[in-house]
Structures are given as C-alpha cells and as structure tokens.
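Given next are the chains, with one letter for each unit.
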Amino acid sequence: MKREAIRTLKKSLRTGGEAHASPQQAQDARAAALALLERSVAMRHDRLAIQRLLDAVRLRAPVAPALWAHCEAAAARLPGPVRPQMLQLLRHQSAQHASHGSPAADR
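The rules behind each value
Residues numbered from 1 in each chain as written. Predicted model: local features only at pLDDT ≥ 70, side-chain atom pairs only at ≥ 80, totals over all residues. Heavy atoms only, no water. Helix = DSSP H or I, 4+ residues; strand = E, 2+ residues; numbered from the N terminus. Buried < 20%, exposed > 50% of the residue type's maximum accessible area, 1.4 Å probe, protein only. Contact = heavy atoms within 4.5 Å. Core = buried A, V, L, I, M, F, W, Y, C linked by side-chain atoms within 4.5 Å. Expected span 1.5 Å × (residues − 1). Polar contact = N/O pair within 3.5 Å; in protein donor to acceptor, adjacent residues only side chain to side chain.

Let's shift gears to the side chain of Asp55. On the secondary structure map, Asp55 appears in helix H3 (residues 46-58). With a relative accessible area of 10%, Asp55 lands in the buried category. Sequence-distant contacts of Asp55, defined by excluding residues within four places in its chain, comprise Leu13 and Ala33.

See below:
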C-alpha cells in the first residue's frame, strides 16, 4: 500500500469519527479502520495494530476474530500485565454492541 493511500485512509478515519459525520462517512471510516488494522497486522507492527484495533472498536467496525487474536497475542508480549485483560474486555464489549444492532443504527 502506498503512502498516499495510507494518508487517505487516515483522513477518512478522522472524518468519519467526528460527531457530525454522515452515515456514509462513518461507514467509510469503519472500512478505513479495518484496512489500516489489517495492514498493521500484515506488517507485524504490533503496537500500531493495537492502536488500530482501538480505532476500529471505537467506530464499531466488525473486527474479524483473527485480528482480535493477533492483537491479544501482541498485547501479551508487551510489558504490563493489564494490556491483555483490557483487550479481552474490549472484545467482549464490542461483541455486545454487535449483538444489539448494526453500527449504522447508532447514528
């Protein structure tokens, strides 16, 4: 992925995450968050992948189980015993949000 494409995804992420974002901008932001997360995982940028996971969850993007597993394993390798537990809680909360309706219903 070229640098300009990454910049475009990051801009979409910021725009769609704002309170006044349109439903289409919010959907684009979720797609951008997932694309950036997948790239970070593929590039083995563990700390960045965790940050990208947090962005995706904040935007209520549907994160694949394999991406969750990668980020949980990455968090377990980082110093600090609280990080893996925090991601497990985040995963649980994300699953609860998904079971209570689609992200578009929140806007």
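Next, the rest of the story.
Here we take up the nonpolar core. Leu37, Ile50, Leu53, Val63, Cys71 and Leu87 are the most contacted members of the largest nonpolar core, which has 26 residues in total. Those elements giving two or more residues to this core turn out to be helix H1 (3-16), helix H2 (23-42), H3, helix H4 (65-77) and helix H5 (82-99). With seven residues, the single largest contributor to this core is H2. If sequence neighbours within four positions are ignored, Leu87 has contacts with Ile50, Leu53, Trp68, Cys71, Glu72 and Ala75.

Along an α-helix, residues three or four positions apart point the same way, because every turn accommodates 3.6 residues. Here H4 is 13 residues long and its end C-alpha atoms lie 19 Å apart, about the 18 Å a rise of 1.5 Å per residue gives. Within the sequence span of H4, burial applies to Leu67, Trp68, His70, Cys71, Glu72, Ala74 and Ala75.

Here the focus is unusual backbone geometry. Residue Arg44 is not a glycine yet carries a positive backbone phi of 60 degrees. Here Arg44 is to be found in the loop between H2 and H3. Assessed through its relative accessible area of 66%, Arg44 is described here as exposed. One non-glycine residue, Arg60, adopts positive backbone phi at about 60 degrees. Structurally, Arg60 is set in the loop between H3 and H4.

The next point concerns the side chain of Asp46. Inspection of the secondary structure assignment puts Asp46 in helix H3. Take Asp46: its relative accessible area is 19%, and that puts it in the buried class. A polar side-chain atom of Asp46 sits 3.1 Å from a polar atom in the side chain of His70. In terms of polar contacts, Asp46 uses its side chain to reach the side chain of Arg77, at 2.6 Å. Those residues in contact with Asp46, other than ones at most four positions away along the chain, are His70, Ala74 and Arg77.

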